[in-house]
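# Remarks on the overall topology
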Amino acid sequence: MFFVDTLEFEGLGNRSYLVGGPRAAVAVDPPRDVDQVIAAAAKRGVRIAYVAETHVHNDYITGGPELARITGASYLVPAAAHVSFARTPVADGDTVTVDEGLVLRALATPGHTPHHTSYVLEEDGRGAAAFTGGSLLIGTVGRPDLVEPRLTEELARAQHASAHRLADELDDEVPVLPTHGFGSFCSSSQAEGDATTIGRERTANDALTLDMDTFVAEMLAGLDDVPAYYAHMGPANAAGPAPVDLTPAGRADAGEIAARLAAGEWVVDLRSRTAFAEGHVAGSFNFEGDGKLATYLAWLIPWGKPVTLLADTPERIADAQRELARVGIDRPAAAATGDPAAWIREGERLASFPRARFADLAEVRGRGEEVVVLDVRRDSERAAGHVEGAVHVPVHELYGRLDEVPSGTVWVHCAGGMRAAIAASLLDAAGRAVVAVDDGFDAAREAGLTVTRP
């Protein structure tokens, strides 16, 4: 018998796996904070004998080298991957024995990257689980455009072929256990559901139901924006990332917070968007700690800019520090917790701005008031419909395009409220009068606003 433990990282939309038998296990695509994997192995009472990477990741920093060093495990990395550290190179068909009766077989599945490799766990010679990384996902596949633009179509065709190879070699009941596809921008489209099998994918995955030309054309037409920080992940992983440092950051008082703001550093408030709107340090930015913190903060921040974290509790700071370390934003410059009133100097006041619904926007427009409506959704979302007359600047571009937002009070919205809150904080820090629309986009039409297509 074998086990599979899933380690889920909702903020990045990824999963890692620990799989093995009674005595030994293999960790597949581990996160940078490897203590979680070690704890999972300890709970099972097994030794981590192997660490396996499906590919050089573009969306997070791997913990593979550090986990292998700590545990003494063999570090399996695709032979064709260009890396600068010692590893055990694996090629198509290579096998390792994980535990008695359990063999891990490498299966070349290029497409997400040229060297991408899936791993099939075989129990007593029969395929029992497929760890597909960024190849075959739930209802989709990993995107092929993150390596080199000139390779995108070639890799898209390779994705189609790799999906068919997996389907041809594995039985219908074999579980498909991907790394990407749960919100990660490494997925060519977002998956529905959280579990699947080879048999289900045969009937539900475009890579297995469409001919290659149709599949490639549709996938390439649907590719979305790439987070800016992805450009830093691949090189860091190829070089061999440094061990993670999760020691607490130094405590910042009001004077230090003000000094860091004056120096142009980023001060990030992790509290809820409701609490932030009600009162915050002027000049700080709001990235909710329980939202997609790592994705959006890493996407927007100028790379390498020092960041100070503010939160209601030390636990929130620790959680954020861990999540940010996964994308290469290492130890915060400083941190502060508690009452926001303690984050400002004597004589200063907390800043604030109003929140509203689409119904409130409709009422204001109905009275003939001139307001700026700012849509911060991605291009693909806007293409499905937008509020008539709305200015469009995607949230991940807003920090560098603030001067393009017309003068006047800005009513900013997204699809649900989280990104609008980020955008509102950027505008507020720049001295703009802003209203954060905290509402689902479907409510715009219901409120009587005209929703049109470009």
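Just above, that's the structure.
Described below are features of the structure shown in this document. In this text, all values refer to a predicted model and were calculated from it rather than measured experimentally.

### Notes on the overall build of the protein
Helix and strand content of the protein: 16 helices and 22 strands. For a compact globule of 454 residues, the expected C-alpha radius of gyration is about 22 Å, and the protein comes in at 24 Å, within 12% of that figure. When each of the 454 residues of the protein is scored for burial, the buried share is 56%. In the protein, 68% of the contacts between residues at least 6 apart in sequence involve partners at least 24 apart. Put simply, the protein shows about 18200 Å² of open surface, and 49% of that area lies on carbon and sulfur atoms. Of the side-chain charges in the protein, 40 are positive and 66 negative, and the distance between the mean point of each set is 3 Å.

### Remarks on the environment of Gly-134
Its place among the elements puts Gly-134 in the loop between strand E10 (126-133) and helix H3 (152-169). Exposure remark for Gly-134: the relative accessible area of 0% places this residue in the buried category. As for Gly-134 and Thr-179, which are separated by 45 residues in sequence, their C-alpha atoms are 6.2 Å apart. Ignoring sequence-local partners within four residues, the contact set of Gly-134 consists of His-55, His-112, His-116, Val-141, Gly-142, Gln-159 and His-180.

### Observations regarding the environment of Gly-183
The topology assignment puts Gly-183 in the loop between strand E11 (176-178) and helix H4 (198-204). Each C-alpha atom, one on Gly-183 and one on Ser-407, is 35 Å from the other, the two residues being 224 residues apart in sequence.

### Let's talk about the sheet that holds strand E15 (residues 334-337)
Overall, parallel pairing links the four strands, which are arranged E13-E12-E14-E15 in an open sheet. Either end of the sheet is taken by a strand with one partner, and the two such strands are strand E13 (285-286) and E15.

### Examining the sheet that holds strand E21 (residues 434-437)
Taken in spatial order, the five strands make up an open sheet running E16-E21-E20-E17-E19, and their pairing is parallel. A single partner strand is all that each edge strand has here, and the edge strands are strand E16 (355-356) and strand E19 (391-392). Relative to E21, strand E20 (residues 410-413) runs parallel, the two sharing three bridges. Among the inter-strand pairings, Val-410 is bridged to a residue of E21, identified as Val-434. Strands E16, strand E17 (372-375), E20 and E21 of the sheet are contacted by helix H12 (residues 358-366), whose axis makes an angle of about 150° with E20.

### Observations regarding the packing of aromatic side chains
All told, the structure shown has eleven aromatic pairs when counted by the stated rule. Ring geometry for Phe-185 and Trp-299: centres 5.2 Å apart, planes at 80°, overall edge-to-face. Note that Phe-185 is positioned in the loop between E11 and H4 and Trp-299 in helix H10 (residues 293-300), a separation of 114 residues in sequence. Overall, the relative accessible area of 11% leaves Phe-185 in the buried class. Judged by centre distance (5.1 Å) and plane angle (70°), the rings of Trp-266 and Tyr-399 are edge-to-face. Within this pair, whereas Trp-266 is found in strand E12 (residues 266-269), its partner Tyr-399 is found in the loop between helix H14 (395-398) and E20, the two being separated by 133 residues in sequence.

### Re the side chain of Asn-237
Looking at where Asn-237 falls in the secondary structure, it is placed in helix H7 (residues 230-239). Among all residues touching Asn-237, those that are not within four sequence positions of it are Val-56, His-57, Tyr-60, Ile-61, Thr-62 and Phe-85.

### Digging into helix H15 (residues 418-429)
For H15, which comprises twelve residues, the first-to-last C-alpha distance of 17 Å matches the rise-based estimate of 16 Å (1.5 Å per residue) to within 8%. Burial within H15 is extensive, with ten of its twelve residues counted as buried. Every buried residue of H15 is accounted for by Arg-419, Ala-420, Ala-421, Ile-422, Ala-423, Ala-424, Ser-425, Leu-426, Leu-427 and Asp-428. Following H15 by one or two positions, Gly-431 has its phi on the positive side, about 90°.

### Comments concerning the pattern of salt bridges
By the definition in use, this model includes 37 salt bridges. Among the ionic pairs, Arg-15 bridges to Glu-8, the shortest N-O distance being 3.5 Å. According to the relative accessible area criterion, Arg-15 is buried, its value standing at 9%. Judged by relative accessible area, which is 43%, Glu-8 ranks as partly exposed. For Arg-69, the salt bridge goes to Glu-66, with nearest N and O atoms at 2.8 Å. Placement of both Arg-69 and Glu-66 in helix H2 (residues 64-71) is noted, with a separation of three residues, approximately one turn of the helix. Overlapping salt bridges, with partners in common, bring together Asp-92, Arg-105, Glu-122, Arg-165 and Glu-169 in one network.

### A closer look at the side chain of Thr-179
Locating Thr-179 in the fold gives a position in the loop between E11 and H4. Take Thr-179: its relative accessible area is 0%, and that puts it in the buried class. Engagement of the side chain of Thr-179 in a polar contact is seen with the side chain of Asp-29, the distance being 2.5 Å. If sequence neighbours within four positions are ignored, Thr-179 has contacts with Gly-13, Asn-14, Arg-15, Tyr-17, Asp-29, Tyr-60 and Gly-133.

### Overview of the pairing of strand E3 (residues 24-28)
Within E3, five of the five residues are buried, which leaves the element mostly enclosed by the surrounding structure. Pairing of strand E2 (residues 14-20) with E3 involves four bridges; the strand directions are antiparallel. From the neighbouring strand, Tyr-17 faces E3, where its bridge partner is Val-28. Remark: three residues form the turn of the hairpin made by E2 and E3, two consecutive strands paired antiparallel. Taken together, the five bridges between E3 and strand E4 (residues 47-52) define a ladder with parallel strand orientation. The partner of Val-28 across the bridge, within E4, is Ala-52.

### What to know about the packing of H3 against helix H6 (residues 212-222)
At a minimum axis separation of 10 Å, H3 and H6 run at an interaxial angle of 125°. One finds that H3 runs oblique with respect to H6. Note that H3 runs across H6; the crossing there is right-handed. Here Thr-152, Glu-153, Ala-156, Arg-157, His-160 and Ala-161 of H3 lie close against H6, whose contacting residues are Met-212, Asp-213, Phe-215, Val-216, Met-219 and Leu-220. Split by residue class, the contact of H3 with H6 holds seven nonpolar, two polar and three charged.

The rules behind the values
- Residues numbered from 1 in each chain as written.
- Predicted model: local features only at pLDDT ≥ 70, side-chain atom pairs only at ≥ 80, totals over all residues.
- Heavy atoms only, no water.
- Helix = DSSP H or I, 4+ residues; strand = E, 2+ residues; numbered from the N terminus.
- Rg over C-alpha atoms; globule rule 2.2 N^0.38 Å.
- Buried < 20%, exposed > 50% of the residue type's maximum accessible area, 1.4 Å probe, protein only.
- Contact = heavy atoms within 4.5 Å.
- Areas by Shrake-Rupley, 256 points an atom, 1.4 Å probe, with all protein chains shown as cover.
- Lys, Arg positive; Asp, Glu negative; His and termini not counted.
- Charge placed at Lys NZ, Arg CZ, Asp CG, Glu CD.
- Pairing = 2+ DSSP bridges.
- Axes fitted to C-alpha atoms, helices over the stretch in contact; angles between N-to-C directions.
- Phe/Tyr/Trp six-rings, centres within 6.5 Å; stacked < 30°, edge-to-face > 60°.
- Expected span 1.5 Å × (residues − 1).
- Salt bridge = Lys/Arg side-chain N within 4 Å of Asp/Glu carboxyl O.
- Polar contact = N/O pair within 3.5 Å; in protein donor to acceptor, adjacent residues only side chain to side chain.
- Parallel < 35°, antiparallel > 145°, perpendicular 65-115°, else oblique.
- Left-handed = near helix turned anticlockwise from the far one by under 90°.
- Nonpolar A, V, L, I, M, F, W, Y, C, P; charged D, E, K, R; others polar.

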